[in-house]
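Commentary on secondary and tertiary structure
In case you want the letters, here they are:
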Amino acid sequence: MFEWISSLALVIFEVICCVMFFESFCKEQEKYVLIGIQTAEFFACGMFLSQWIIIKQIVGVLMIVINMCVYFGISIPKSGILSVLYTSLVWGADYLVYAGNSIMFSRAGEVQS
């Protein structure tokens, strides 16, 4: 149960970041409906496609493209470019956190003299 709650909190945070990323390039609108729709889509995608990471990322980018194209009224190529940029930023941040945690926790038992 705790895993579902923490996963949902992480998805909500990523969706809010995605909407803020798109708002920096597009006209700002009311965003609560978009946040709810994308949260449900991302959470379902994460649960059903958790074993296939590449397919999950492709589906995630396509969901962002469609949602942002409809919501902000921008073209599909512009929405696609922004979606790929956002996804690559998230992957880069995930990699840096993973690498940092690996370095910190691999040295956790060492005593410095």
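Further up the page is the structure itself.
Let us look at the structure shown here. Keep in mind it's a predicted model, so treat the numbers as computed, not measured.

We now examine the layout of surface pockets. For the largest pocket, the calculated volume is near 670 Å³. If you go around the largest pocket, you meet 23 residues; those closest to its centre are Val11, Glu14, Gly46, Lys56 and Gln57. Here the lining of the largest pocket takes seven residues from helix H3 (residues 53-72), the largest share from any one element. Here the lining of the largest pocket is composed, by residue class, of 14 nonpolar, five polar and four charged.

Another aspect to go through is the nonpolar core. Counting 22 residues, the largest nonpolar core has Phe22, Ile64, Met68 and Phe72 as its most contacted members. Among the elements of the structure, helix H1 (2-23), helix H2 (32-48), H3 and helix H4 (76-106) are those that each provide at least two residues to this core. Ranked by residue count, the leading element in this core is H1, at six residues. The contacts of Met68, once residues within four sequence positions are left out, are Cys18, Val19, Phe22, Leu34, Gln38, Gly73, Ile74 and Ser79.

Glancing now at the environment of Lys31. Note that Lys31 resides in the loop between H1 and H2. Placed 31 residues apart in sequence, Lys31 and Leu62 show a C-alpha to C-alpha distance of 19 Å. Apart from residues lying up to four places away in sequence, Lys31 is in contact with Val19, Glu23 and Tyr71.

Take a nonpolar patch on the surface next. Taken together, the side chains of Ile53, Ile54, Ile58, Leu62 and Trp91 define a hydrophobic patch exposed on the protein surface, amounting to about 520 Å² of accessible area. Residue contributions to the nonpolar patch peak at four residues, all from H3. Along the chain, Ile53 turns up in helix H3.

The rules behind these values
Residues numbered from 1 in each chain as written. Predicted model: local features only at pLDDT ≥ 70, side-chain atom pairs only at ≥ 80, totals over all residues. Heavy atoms only, no water. 1 Å grid on protein atoms, 1.4 Å probe; cavity = no way out; pocket = protein on both sides within 12 Å on 5 of 7 lines; lining within 4 Å. Points joined across faces, edges and corners; volume = space filled by probe spheres on them. Helix = DSSP H or I, 4+ residues; strand = E, 2+ residues; numbered from the N terminus. Nonpolar A, V, L, I, M, F, W, Y, C, P; charged D, E, K, R; others polar. Core = buried A, V, L, I, M, F, W, Y, C linked by side-chain atoms within 4.5 Å. Buried < 20%, exposed > 50% of the residue type's maximum accessible area, 1.4 Å probe, protein only. Contact = heavy atoms within 4.5 Å. Patch = residues over 30% accessible without salt bridge, like charges linked within 9 Å, V, L, I, M, F, W, Y side chains within 5 Å. Areas by Shrake-Rupley, 256 points an atom, 1.4 Å probe, with all protein chains shown as cover. Salt bridge = Lys/Arg side-chain N within 4 Å of Asp/Glu carboxyl O.

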